[in-house]
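# Topology and contacts: notes
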Amino acid sequence: MQPAGVKEVQARGVRRGALGLAVCAVLLVLAMLASLAIGPVTIAPARVMEVLLAALQGERAAGVREAIVVLDIRLPRTLLGLLVGMALALGGALMQGIFRNPLADPGLIGVSNGAAFAAVGWIVLGHHAVDALPAGLAALAGTAGLPFAAFIGALLATVALYLIATRDGRTSVATMLFAGIAIGALSGAGTGVMVFLASDQQLRDFTFWSFGSLGGSTFAKVWAAAPFVVLLLLAALPLARALDAIALGEAEAFHVGVNVQRTKRIAIAAVAAAVGAAVAMAGVIGFIGLVVPHLVRLALGPGHRVLLPASALLGGALLLGADVVARTLVSPAELPLGVVTAMMGAPFFLGLLLRRRAALGG
Amino acid sequence: MPHLLNSYRAENITLRAGGRLLLDGAGVTVAPGRVSVLIGPNGAGKSTLLKVLSGELRPSGGQVRLGEEAVSRLGPALLARRRAVLPQSVEVAFPFTVAEVVAIGRPAGRGGHEAVSRALGRVEMAERAGEAYQRLSGGEKQRVQLARTLVQLEAGAERGGGPGYLLLDEPTASLDLAQQMLVLRLMRTLAAEGVGVLAVLHDLNLAVLAADEIVALEAGRVVARGTPHEVMTDARIGALYKVPARIGWAPEALPFLLPHGLVGDGAKR
């Protein structure tokens, strides 16, 4: 057989990318529909569409109960799940690109823990700070304080990790993982201290953080998280070429004209913002940032032009799927979402490792 | 010709790192249409000087100029339009195909299948476009990276960067004899097309084959520069590498080197 020329190879890549993005988009729409339709009261997807279309035209569809369930209870939860899944998966893809390592996941290397620690700290101690502010600022701090605290926590963890693990532009995998474990443990210890200081009510709020959940989603949370996730999308997508080049090495990326320092700064700030916001709204949810980019790379190749948007779409779809499982498996009670993603993600990840070991012949 | 305005040059470079003086007033000039080769013992500062020239390392003293501009003033994008760099070895973090790796040399990062094909053809890797870069041998990877620099030079020329400059750090290190000749031939062809070429080479006989000018570095200083005939003398090479050496003459009146014996422990046979 004649080996494929560059033209065919490139055309094949473009076709595969376009098809893959389309599949991811369809999966996301299906997951959103499932998230709106499935629950203690199951509503047919056609009915869900009717209610949504009517709401778009500014009127409430007949059958008020269904409209309430879809629009007031499940829609904010679905939108928040979409945002959180996008943030975690895209954040994972970006960090993996910057660290040049497929194991960099915000959950695995301590970034989510840093955010959770700061968020819990804000829950327990933040009211002291709010009390000290003038009334107008206090109201702002009351609503924006939590995501902002989580952002700062995520940013500090990411920057610390980067500074520790990277030397002369090369990131050591082992150092990165160990440093991530240390940062995670330190954040965990800090979180423990906060738990010790917390009141009963604060303690209940806190349980929510440690396992992750989309329970208690409101439109207010959706609006608070949305700008961070949009910011991440806007910051990430133009970095595709730079991240492809960084895969060759930081010096090589500089040689082909990439401003490496600027790329790293943008990526780290955007990831910290979006992961911080995701953790602030839904707690620590692991494995999405690890598994989703990995799946996309296996199916569609490593080029970031496709990897980044496909990860965002598939991340939203997978998180919504996991949430549907979380709230139907032991209905009417709910499993913590982080437990479900870990139950699905960890065996999947081990399977990948085994397959890779088999492929390498030992 | 150290002061050509139309050239790419490092002048009087000093570089300190970790308390060591890596470069001590070294300089090199790459002129359009010519091949310059850096030689010298390990640790003499050849790769360091190449990194300073490329803009990757900031020197502690001295300056690097591309034409009339200071390299430190040109941003990465403008610099990339006018010079390409082949590092010693490049490992790619994710399973990119050969064609994708080569296309990274283009400013848009993709497309340009004609340019990519042409470049892969020039390094005799055209049939391998769809393969995973990570699975190639060291020599194949080196040639794919060379193709990436060719694509970059061509894209730079299209965007008004002129024929440009190519810096190569030991481009023949992991290649067999045929491939070494391929790379040297390519260096000469590029020079004939107007590209200024600078290569670090360890093999002095290859240096002689390729070079218009040889620059010898020792302990961060330039100790000799000139045509191969001028630099390749028994005394110079012996002093440079601390090895007794005798220069012979190949059929085409090119000097070649045969080490004249081993020195140190265990040298007697």
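Predicted model, so just to flag it, every value in this text is computed and none were measured.

## A few points about the domain arrangement of chain B
Where interface size is quoted, it is often the accessible area lost as the parts come together. Residues and elements named next belong to chain B. Domain annotation for chain B reports domain 1 (4-231) and domain 2 (232-269). Placing the centre of domain 1 and that of domain 2 at their C-alpha centroids yields a distance of 27 Å. Opposite the 16 residues of domain 1 that make contact, domain 2 presents 14 residues. With both sides pooled, the region where domain 1 packs onto domain 2 buries about 1300 Å², and carbon together with sulfur makes up 62% of that total. Of all residues in domain 1, Leu 204, Val 208 and His 229 give up the largest surface area on contact with domain 2, accounting jointly for 38% of the area buried on that side. Seen at the junction of domain 1 and domain 2, the total is one salt bridge. For Lys 242, the salt bridge identified is with Glu 218, shortest N-O distance 2.9 Å. For the pair domain 1 and domain 2, the interface holds five residue pairs in polar contact (both at pLDDT 80 or more). Of all the secondary structure elements, the ones that give two or more residues to the side of domain 1 that touches domain 2 are helix 7 (204-210), strand 9 (213-218), strand 10 (221-226) and helix 8 (228-231). Tallied by class, residues from the side of domain 1 that touches domain 2 come to 11 nonpolar, three polar and two charged.

## Details of the pattern of salt bridges
As enumerated under the stated definition, the model contains 16 salt bridges over all chains in all. Among the salt bridges present, the one from Lys141(B) reaches Glu91(B), with a minimum N-O distance of 3.0 Å. Note that Lys141(B) is positioned in helix 5 (residues 138-158) and Glu91(B) in the loop between strand 6 (83-86) and helix 3 (98-103), a separation of 50 residues in sequence. A relative accessible area of 11% places Lys141(B) in the buried class. Through salt bridges with shared partners, a single network forms among Arg77(A), Asp323(A), Arg327(A) and Glu334(A).

## Concerning a nonpolar patch on the surface
A cluster of nonpolar side chains, namely Leu19(A), Val23(A), Val26(A), Leu27(A) and Leu30(A), defines an oily patch on the protein surface of about 450 Å² accessible area. For Val26(A), the position within the fold is in helix 1 (residues 6-37).

## Some points on the packing of aromatic side chains
Residue and element names in this part refer to chain A. On inspection of all chains with the given rule, the structure shows four aromatic pairs over all chains. Between the aromatic rings of Phe 99 and Tyr 162, the centroid separation amounts to 5.6 Å while the plane-to-plane angle is 55°, which identifies the pairing as tilted. Of this pair, Phe 99 sits in helix 3 (residues 64-99) while Tyr 162 sits in helix 5 (residues 135-165), and the two are 63 residues apart along the sequence. Each of the two residues, Phe 99 as well as Tyr 162, counts as buried.

What counts and how
- Numbering of residues starts from 1 in every chain and runs along the sequence as written.
- Chains and ligands are labelled by the order in which they are written, letters from A for the one and numbers from 1 for the other.
- Per-residue local features of the predicted model are confined to residues with pLDDT of at least 70, and side-chain atom pairs are confined, for both listing and counting, to 80 or more; whole-chain, interface and lining totals are unaffected and use all residues.
- Working from all heavy atoms in the structure, the side-chain values ignore hydrogens and water.
- As annotated, the domain borders come from an automatic or database domain assignment.
- Residues are treated as being in contact if the distance between any of their heavy atoms lies within 4.5 Å.
- By definition, the buried area sums, over both parts, the 1.4 Å-probe accessible area that each loses when the two are put together.
- Salt bridges, as used here, are contacts in which a Lys or Arg side-chain nitrogen is within 4 Å of a carboxyl oxygen on Asp or Glu.
- Side-chain atoms alone can form a polar contact between residues adjacent in sequence; in general such a contact is a pair of N or O atoms within 3.5 Å, and within protein one must be able to donate a hydrogen while the other accepts it.
- Secondary structure is summarised from DSSP: a helix means a run of H or I of at least four residues, a strand means a run of E of at least two, and numbering begins at the N terminus for each.
- All amino acids are sorted into three groups, where Ala, Val, Leu, Ile, Met, Phe, Trp, Tyr, Cys and Pro are nonpolar, Asp, Glu, Lys and Arg are charged, and the leftover types, Gly among them, are polar.
- Any residue under 20% of the maximum accessible area for its type is buried, any over 50% is exposed, and the rest in between are partly exposed; the area is computed with a 1.4 Å probe on protein chains only.
- To count toward a patch, a residue needs a relative accessible area above 30% and no salt bridge. Like charges then connect within 9 Å, nonpolar side chains (Val, Leu, Ile, Met, Phe, Trp, Tyr) within 5 Å.
- Each accessible area is a Shrake-Rupley estimate made with a 1.4 Å probe; only the visible protein chains count as cover when residues are assessed.
- In this analysis, rings of Phe, Tyr and Trp, with Trp reduced to its six-membered ring, are considered paired at centre separations within 6.5 Å, and the interplanar angle assigns stacked below 30 degrees, edge-to-face beyond 60, and tilted for intermediate values.

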